[in-house]
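# Secondary and tertiary structure notes
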Amino acid sequence: MLEPALLPTPLVDCTDEAFVRAGVELRLKRDDLLHPSVPGNKWRKLAPNLAAAVEQGHTRLLTFGGAYSTHLRAVAAAAGALGLESVGLVRGEELADRPRNWSLRAAEESGMRLEFLTRAAYREATGRAGAGDGAELRRRWGPCLVLPEGGSNALAAIGAAAIPAELPDLDGRDVVCCPVGTGGTLAGIAAGLPPGARALGVAVLRGGEGYLEAEVARLHRAGFGREFANWRIDHAHHGGGYGKVTAELSSFAREFELRHGIPVERRYVAKLLAALADLAGAGAFPRGTRLTAVVTGLPDPE
């Protein structure tokens, strides 16, 4: 049985000098507290997909991820709790014979069967999934519901669209912000905003200009039947690329944790908060702007 989620998640005022100097208000939407085993935006995106899987009579989920994928762990935990089988296609065949890291071990302990692919085979498989072509995947790994890498599909965007509804009194001074890996959370936030409010995504991968924008627009069309013009993606704060955490970013995250007593996940959330501090300091937000940063997940264990 899947434990219930904590909804709505807490909304915390965060008085931080970098934002105060810029005349900008900062709030944290604590989605990291949303669920004990399927945290943050993973629950938001998975919940409607899991409901669809059960309704359609699926008994197995198949999805994709890297060696430290939060998405793989979340799918494994959720599937196991619902009595569903799960298969995780992992990028990197060299990992098959190595001792499992803590993340892959957690996925296996939740019942997920891991299959390790070469990078070329992984790209082909994720491409098929992204194009909605799951027939070949099902022929190889059996009947299943295929979830794309990162879990971002139309249902996921619809799940994330509930976030703005938990934020009171949004208006023209509000910018709701999140990190962007595959675009599903940003797509949902933008679609769920009232008139006047805007969404800002901070890309955590390098070289995503154009591609991520196209993905968000695709998810809007697929999930909501239209595109939205109330969002943008910042590509200048990826910190060197996906999974890369610079010494400067680590220092920023540690200092933020010390000031506010809130744990900061490094690969996504730290990049978001550092970007907002940098943009505020550069005058990118008009004075009086209210930023709501969605804390999408938990730090990795030490």
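Please refer to the structure placed before this passage.
Just so it is clear, the model here is predicted, and its values are computed rather than measured. (Residues numbered from 1 in each chain as written. Predicted model: local features only at pLDDT ≥ 70, side-chain atom pairs only at ≥ 80, totals over all residues. Heavy atoms only, no water.)

## Some points on the pattern of salt bridges
Two side chains of opposite charge can pair, provided their charged atoms sit close to one another. For clarity, the cut-off: Should a side-chain nitrogen of Lys or Arg be within 4 Å of a carboxyl oxygen of Asp or Glu, the pair is scored as a salt bridge. Strands here are runs of E lasting at least two residues and helices are runs of H or I lasting at least four, both read from the DSSP assignment and numbered beginning at the N terminus. The buried label applies to any residue whose accessible area, calculated with a 1.4 Å probe on protein chains only, is under 20% of its type's maximum; exposed applies above 50%, and partly exposed to all values in between.
A full pass over the atoms with the stated rule returns 22 salt bridges. One salt bridge in this structure joins Glu 124 and Arg 128, with 3.4 Å as the shortest N-O distance. On the criterion of helical spacing, the pair formed by Glu 124 and Arg 128 is a turn pair, its members being four residues apart in helix 5 (residues 119-130). On the basis of relative accessibility, which here comes to 49%, the residue Glu 124 falls in the partly exposed class. Residue Arg 139 is joined to Glu 136 by a salt bridge in which the shortest nitrogen-to-oxygen separation is 2.8 Å. In this pair, Arg 139 and Glu 136 are both assigned in helix 6 (residues 135-141), three residues apart and thus about one turn of the helix distant. The exposure class of Arg 139 is exposed, given its relative accessible area of 61%. With relative accessibility at 32%, the residue Glu 136 sits in the partly exposed group. Through salt bridges with shared partners, a single ionic network connects Lys 29, Asp 31, Arg 44 and Glu 166.

## A look at the packing of aromatic side chains
In plain terms, the rule: Side-chain rings of Phe, Tyr and Trp (the six-membered ring for Trp) are treated as a pair once their centres are within 6.5 Å; stacked means planes under 30 degrees apart, edge-to-face means over 60, and tilted covers the remaining angles. In this scheme, the term charge over a ring applies when either NZ of a lysine or CZ of an arginine sits within 6 Å of the ring centre and within 35 degrees of the ring normal.
Summed over all chains, the structure comprises five aromatic pairs. When the ring of Phe 64 is compared with that of Tyr 122, the centres are 6.2 Å apart and the planes differ by 85 degrees; the resulting orientation is edge-to-face. A residue pair is termed long-range when its members are at least 10 positions apart, and Phe 64 in strand 3 (residues 60-65) and Tyr 122 in helix 5 qualify at 58 residues. Residues Phe 64 and Tyr 122 agree in their burial class; the two are buried. The aromatic ring of Phe 228 is capped on one face by Arg 226, whose charged end is 3.9 Å from the ring centroid.

## A short note on the packing of helix 10 (residues 247-260) against helix 11 (residues 269-281)
Rules: To obtain an axis, a line is fitted to C-alpha atoms, over the contacting stretch when the element is a helix, and the angle between two such axes runs from 0 to 180 degrees between their N-to-C directions. For classification, angles of less than 35 degrees are called roughly parallel, those exceeding 145 degrees roughly antiparallel, those between 65 and 115 degrees roughly perpendicular, and all remaining angles oblique. Note on contacts: a residue pair is in contact if any heavy atoms of the two residues lie within 4.5 Å. Only Asp, Glu, Lys and Arg are considered charged in this grouping, and only Ala, Val, Leu, Ile, Met, Phe, Trp, Tyr, Cys and Pro are considered nonpolar; every other residue, Gly among them, is considered polar.
For the pair helix 10 and helix 11, the least separation of the axes is 10 Å and the interaxial angle reads 90 degrees. The angle between helix 10 and helix 11 places the two elements in the roughly perpendicular class. Of the residues in helix 11, those in contact with Leu 249, Phe 252, Ala 253 and Phe 256 of helix 10 are Ala 270, Lys 271, Leu 273, Ala 274 and Ala 277. The residue inventory of the contact of helix 10 with helix 11, partitioned by class, reads eight nonpolar, no polar and one charged.

## A short note on the layout of surface pockets
The rolling of a water-molecule-sized probe over the atoms marks out the regions of remaining empty space. Inclusion rule: Here a cavity is any set of points on a 1 Å grid over the protein atoms alone where a 1.4 Å probe fits but cannot get out, and a pocket is any open set with protein on both sides within 12 Å along at least 5 of 7 lines; a residue lines the site when it has an atom within 4 Å of a point. Grid points are joined across faces, edges and corners, and a volume is the space filled by probe spheres set on the points.
Roughly 250 Å³ of internal volume is contained in the second largest pocket. Along the walls of the second largest pocket sit Ala 236, His 237, His 238, Gly 239, Thr 246, Glu 248, Leu 249, Phe 252, Lys 271, Ala 274, Ala 275 and Asp 278, which together make up its complete lining. The set of elements that each furnish at least two residues to the lining of the second largest pocket consists of helix 10 and helix 11. No other element matches the four residues that helix 11 contributes to the lining of the second largest pocket.

## Re the environment of Glu 25
On the secondary structure map, Glu 25 appears in strand 2 (residues 25-29). For Glu 25, a relative accessible area of 32% puts it in the partly exposed group. With 263 residues separating them in the primary sequence, Glu 25 and Gly 288 have C-alpha atoms 7.1 Å apart. What Glu 25 contacts, discounting residues up to four positions off in sequence, is Asp 13, Arg 173, Thr 289, Arg 290 and Leu 291.

## Remarks on the pairing of strand 3
Stated precisely, the cut-off is as follows: Whether two strands pair comes down to DSSP finding at least two bridges between them. By convention a crossover is right-handed if, when the strands point away from the viewer, the path from the first strand over the helix to the second runs clockwise.
Extensive coverage of strand 3 is indicated by the burial of six of its six residues. Residues Arg 60, Leu 62 and Phe 64 point to one face of strand 3 and Leu 61, Thr 63 and Gly 65 to the other, with burial holding for every one of them. Relative to strand 4 (residues 85-91), strand 3 runs parallel, the two being bridged by six bridges. Bridging across to strand 4, Leu 61 finds its partner in Ser 86. In terms of handedness, the path from strand 3 via helix 3 (residues 70-81) over to strand 4 forms a crossover that is right-handed. Relative to strand 6 (residues 145-146), strand 3 runs parallel, the two being bridged by two bridges. Residue pairing across strands places Leu 62 opposite Val 146, the latter belonging to strand 6.

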